[in-house]
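Tertiary structure, described
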Amino acid sequence: YPLCALPPTTSEKVRCTLLIKGVDFIAYDVDITTQENYQPAYVAMRNLGRGTQSLVGEHAWTGSTSADGMGFDPLVVPTLVDNLKMKVIVDSKKIMNYLDQEIPSPPLYPKVCTDMILKHVKLVDDTPHAGLLYGGDPDNDTRPDFIKQFTDSLVPTQTASLEFWLNDGNLSSELRPLYQAKLKKLIMVKSTLESKPEVLRNSMDLTKQFLAELNADLKLSEGPWICGNTFTMADIVWHVSLLRFLMFGCDYLYKDLPEVRSYMDRILTHPELKAATYTWPGFLPSPYLAPLLQK
């Protein structure tokens with residue numbers, strides 16, 4: 001399975017699933033510094049996995065990257081290619097579900113707790129991680145300085161790349177609407193970051209609500225994982241989400257949630273998940289990860 005990804009922080013959930021399944025795969029790191037994911041060849045390939053899904057740019061930006069809620073983004077990652085079936089699969093959630101169907105062992109959606117797993121996969125998918133990355137908490141921005149500097153230049157750089165391709169007369173009529181949709185999305189992101197702090201505040205409130213739901217379900221669990229003694233896809237997605245909060249110094253989000261704090265000690269040190277995320281070569285560094293790396 002070839003897997004296209006930007007810096008390793010954009011493909012963690014898929015990589016975790018691949019390692020849990022014990023699948024051989026080839027990871028292609030897309031170069032964000034040259035906007036490689038904006039190249040028409042990549043966009044055309046990714047669009048093969050779109051199906052009938054609507055494009056980004058049609059909904060107000062909330063800080064979420066959920067394809068279900070925000071639409072298909074043709075210029076992002078991850079993208080998975082199944083060489084055996086000559087099939088392109090896009091969007092982390094769809095890729096993970098595809099892998100679970102194609103490689104049933106170990107099962108990550110066991111029937112005994114499917115509803116609980118689906119609930120938490122959706123919670124994480126709807127969590128506004130992009131809002132936290134781009135804008136931070138407007139009332140308590142704890143992101144590392146280098147992250148702030150990087151994201152300050154990200155939207156202008158992306159916009160310039162989109163305008164370059166849209167001004168290229170050789171860009172096909174089939175791909176042009178994809179670039180236009182991405183530009184519409186970036187215009188909304190820029191507007192939100194510059195003049196709509198209430199959107200970011202709402203995203204932080206939503207994140208706290210989701211974490212409270214996780215805490216409540218962990219309290220009801222009779223084992224180390226969300227579904228008791230059974231490790232599932234719900235644990236994979238929360239590993240990635242909780243790791244993101246830790247990377248950005250957002251421990252205040254769960255300081256009053258004892259079940260979440262205890263769960264983090266277990267899920268963040270899970271051997272396969274650890275290998276797929278913060279110890280994977282090239283993973284985004286953060287000073288807040290130092291204690292975890294020393295364990």
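This text goes with the structure placed above it.
Below, the structure is looked at part by part. (Residues numbered from 1 in each chain as written. Predicted model: local features only at pLDDT ≥ 70, side-chain atom pairs only at ≥ 80, totals over all residues. Heavy atoms only, no water.)

Side note on the overall build of the protein
- When its secondary structure is counted, the protein shows 13 helices and 4 strands.
- Its C-alpha atoms give the protein a radius of gyration of 19 Å, near enough to 19 Å, the size a compact globule of 295 residues would have.
- In terms of principal-axis extent, the alpha carbons of the protein reach across some 60 × 50 × 35 Å.
- Of all 295 residues assigned to the protein, the portion counted as buried reaches 55%.
- Counting contacts in the protein only where the partners sit at least 6 residues apart, residues at least 24 apart contribute 72% of the total.
- Within the structure as shown, the protein displays about 13400 Å² of accessible surface, and the carbon and sulfur contribution to it stands at 55%. (Helix = DSSP H or I, 4+ residues; strand = E, 2+ residues; numbered from the N terminus. Rg over C-alpha atoms; globule rule 2.2 N^0.38 Å. Buried < 20%, exposed > 50% of the residue type's maximum accessible area, 1.4 Å probe, protein only. Contact = heavy atoms within 4.5 Å. Areas by Shrake-Rupley, 256 points an atom, 1.4 Å probe, with all protein chains shown as cover.)

Things to note about the pattern of salt bridges
- Across all of its chains, the model carries 15 salt bridges by this definition.
- Taking the shortest distance from any N to any O, the salt bridge between Lys 119 and Asp 217 comes out at 2.8 Å. Pair noted here: Lys 119 is in helix H5 (residues 114–126) and Asp 217 is in helix H9 (residues 197–220), with a separation of 98 residues, a long-range link.
- Judged by its relative accessible area of 9%, Asp 217 falls in the buried class.
- For Asp 141, the salt bridge goes to Arg 143, with nearest N and O atoms at 2.8 Å.
- Classification of Arg 143 by relative accessible area gives buried; the value is 7%.
- Connected through salt bridges with shared partners, the residues Asp 68, Lys 93 and Asp 125 form a single ionic network. (Salt bridge = Lys/Arg side-chain N within 4 Å of Asp/Glu carboxyl O.)

Things to note about the packing of helix H1 (residues 12–21) against helix H4 (residues 92–102)
- Two elements in contact, H1 and H4, have axes separated by 9 Å at closest approach and are oriented at 10 degrees. One finds that H1 runs roughly parallel with respect to H4. Contacts between H1 and H4 involve Lys 13, Val 14, Thr 17, Leu 18 and Lys 21 from the former and Ser 92, Ile 95, Met 96, Leu 99 and Asp 100 from the latter.
- Considered class by class, the residues forming the contact of H1 with H4 number 5 nonpolar, 2 polar and 3 charged. (Axes fitted to C-alpha atoms, helices over the stretch in contact; angles between N-to-C directions. Parallel < 35°, antiparallel > 145°, perpendicular 65-115°, else oblique. Nonpolar A, V, L, I, M, F, W, Y, C, P; charged D, E, K, R; others polar.)

Describing helix H10 (residues 233–247)
- For H10, spanning 15 residues, the distance from its first C-alpha to its last is 21 Å, which sits close to the expected 21 Å at 1.5 Å a residue.
- Within H10, 15 of the 15 residues are buried, leaving the element largely enclosed by the surrounding structure.
- Structurally, the start of H10 carries an N-cap: the backbone nitrogen of Ala 234 is 3.2 Å from a side-chain oxygen of Thr 232.
- Positive phi appears at Gly 249, one or two residues downstream of H10, with a value of about 75 degrees. (Expected span 1.5 Å × (residues − 1). Polar contact = N/O pair within 3.5 Å; in protein donor to acceptor, adjacent residues only side chain to side chain.)

Structural notes on the packing of aromatic side chains
- Going through the model one piece at a time under the given rule, you end up with 4 aromatic pairs.
- Between Phe 25 and Trp 280 the ring centres are 6.2 Å apart and the planes differ by 15 degrees, which places this aromatic pair in the stacked class. Note that Phe 25 is positioned in the loop between H1 and strand S2 (26–29) and Trp 280 in the loop between helix H12 (271–276) and helix H13 (290–293), a separation of 255 residues in sequence. (Phe/Tyr/Trp six-rings, centres within 6.5 Å; stacked < 30°, edge-to-face > 60°.)

Describing the nonpolar core
- Ranked by internal contacts, the top residues of the largest apolar core, which has 59 residues, are Trp 238, Leu 242 and Tyr 263.
- Listing elements by their share of this core, those giving two or more residues are H1, H4, H5, H9, H10, helix H11 (258–267) and H12.
- A total of 11 residues in this core trace back to one element, the largest contributor, which is H10.
- The residues touching Leu 242, leaving out its near neighbours within four places in the chain, are Leu 211, Leu 214, Val 260, Tyr 263, Met 264 and Ile 267.
- Counting 19 residues, the second-largest nonpolar core is a separate cluster that includes Val 43, Val 81, Ala 181 and Leu 186. (Core = buried A, V, L, I, M, F, W, Y, C linked by side-chain atoms within 4.5 Å.)

Without other data, these values stay purely geometric and don't point to any function.
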